[in-house]
Amino acid sequence: MAPQDKNTPPPLPEPLRVAVADSHTHLDMQDGTVDEALAKAASVGVTTVVQVGCDLAGSRWAAETAAAHDSVHATVALHPNEAPRIVLGDPDGWSRQGAREPGGDSALDEALAEIDRLAALPHVRGVGETGLDYFRTGPDGMAAQEASFRAHIEIAKRHGKALVIHDREAHDDVLRILREEGAPDRVVFHCYSGDAEMAKICAAAGYFMSFAGNVTFKNAQPLRDALAVAPPELVLVETDAPFLTPAPYRGRANAPYLIPVTLRAMADVRGMTEDALATAVAANTARAFGY
């Protein structure tokens, strides 16, 4: 692929006949305005999006954006990689806030109190993305990550909101902590990354599994195997835009309007018609997020 193609937005896919929701997107990290993104998505049958918070600023923005747009629902949280930055500092400034000084446990408590306040708002439908990420956080940050995850579970339960989980290379510990804390009524594994065996465990617990564009990647057979065994009433679709753009557009910026590409690939894996899967996914997303 020529380098200039990376900057060319993928073309509009054929519209879905049955409208669906993008269960996990980051409009604040995408080019263009919210209105443009929503209009483009709606033109191909993606009529609802769940805007996901990853830090305090992003969670406030998600709540404000959901309040301003009927087709947007918000979730609020400190991302698993955000909690260690708050506690231990972020000298490299990897996150969007730039370099940060260590704040200790008290700074994490203050940030969680703000997430708790935002989680009470009516247009905030979920608490997340929270969970564990052993890919980016070393052993020194794991205590902060786990404390934050446990606090988010408690916040979700107290407010009766969905819990949106980020699980990267941490399957066993995520499932263990959910068991130890007692999971909320509605749990969504965002960008599901487990195998078929884990899908059976999630299904038995009634956890929703949301599949992203990486289900289309060549090396993602374990994801496709998981999708094949996941109960149709627990399957969601998401972009995680601007990340995880589905094939054949991998490497370009993702956006909610590309949901049909992923949904069609998922229907093929499941041996379902596009309309049947879209109908299930639309109902599942509304049930998961209580809208």
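Here the structure is shown first, and the text comes after it.
In this report, the structure presented in the accompanying data block is examined. Source: prediction; values computed, not measured. (Residues numbered from 1 in each chain as written. Predicted model: local features only at pLDDT ≥ 70, side-chain atom pairs only at ≥ 80, totals over all residues. Heavy atoms only, no water.)

1. Side note on helix α7 (residues 196–205)
As a reminder, the rule being used: Relative accessibility decides the category of a residue: with a 1.4 Å probe and only protein chains considered, values under 20% of the type maximum give buried, values over 50% give exposed, and everything between is partly exposed. By definition, any uninterrupted DSSP run of H or I lasting at least four residues is a helix, any uninterrupted run of E lasting at least two residues is a strand, and each is numbered from the N terminus. The arc in question is traced by the directions running from the helix axis to the C-beta atoms. We call two residues contacting when some pair of their heavy atoms lies within 4.5 Å. We define a polar contact as two N or O atoms separated by no more than 3.5 Å, with the added condition that, inside protein, one atom must be a possible hydrogen donor and the other a possible acceptor, whereas residues neighbouring each other in sequence contribute only through side-chain atom pairs.
Inspection of α7 places Ala-196, Met-198, Ala-199 and Cys-202 among the buried residues, and these make up the whole buried set. Buried residues of α7 fall within an arc of 150° about the axis and therefore sit on the same side. The inward-facing, buried residues of α7 contact β5 (162–168), α6 (171–181), β6 (187–189), β7 (208–211) and α8 (221–229). A side-chain oxygen of the first residue of α7 lies 3.3 Å from the backbone nitrogen of Glu-197; this N-cap is Asp-195. Positive backbone phi, at 80°, marks Gly-206, one or two positions downstream of α7.

2. A look at the sheet that holds strand β4 (residues 124–133)
Pairing between the strands of a sheet comes from backbone hydrogen bonds, and it takes one of two forms, parallel or antiparallel. Threshold: Two strands qualify as a pair provided that DSSP identifies no fewer than 2 bridges between them. Inter-axis angles, ranging from 0 to 180 degrees, are taken between N-to-C directions of lines fitted to C-alpha atoms, where helices are fitted over the stretch in contact.
One open sheet holds the eight strands; their spatial order is β1-β2-β3-β4-β5-β6-β7-β8, and the pairing between them is parallel. What marks the edges here is a single partner per strand, and that holds for β1 (20–25) and β8 (235–237). Across the sheet, the mean angle from the axis of one strand to that of its neighbour is 30°, orientation sign disregarded. Summarising the sheet, strand β3 (residues 72–76) and β4 pair through three bridges and their orientation is parallel. The residue bridging Thr-75 from the neighbouring strand is Gly-126, located in β4. Helix-sheet contacts for α7 involve β5, β6 and β7, and the interaxial angle to β7 is about 135°.

3. Considering the environment of Met-266
With respect to the helices and strands, Met-266 occurs in helix α9 (residues 259–270). C-alpha separation for the pair Met-266 and Leu-227, spaced 39 residues apart in sequence, amounts to 7.6 Å. Leave out the neighbours within four places in its chain, and Met-266 touches Phe-211, Val-215, Leu-227, Val-235, Leu-236, Val-237 and Leu-277.

4. Thoughts on the nonpolar core
The line we're drawing: Residues enter a nonpolar core if they are buried and are Ala, Val, Leu, Ile, Met, Phe, Trp, Tyr or Cys, with the set joined through side-chain atoms within 4.5 Å.
Residues Phe-149, Leu-178, Phe-189 and Tyr-192 are the most contacted members of the largest nonpolar core, which totals 81 residues. With six residues, the single largest contributor to this core is helix α4 (residues 104–119). Setting aside chain neighbours within four positions, we find Tyr-192 in contact with Met-198, Ala-199, Cys-202, Met-209, Ser-210, Phe-211, Leu-223 and Ala-226.

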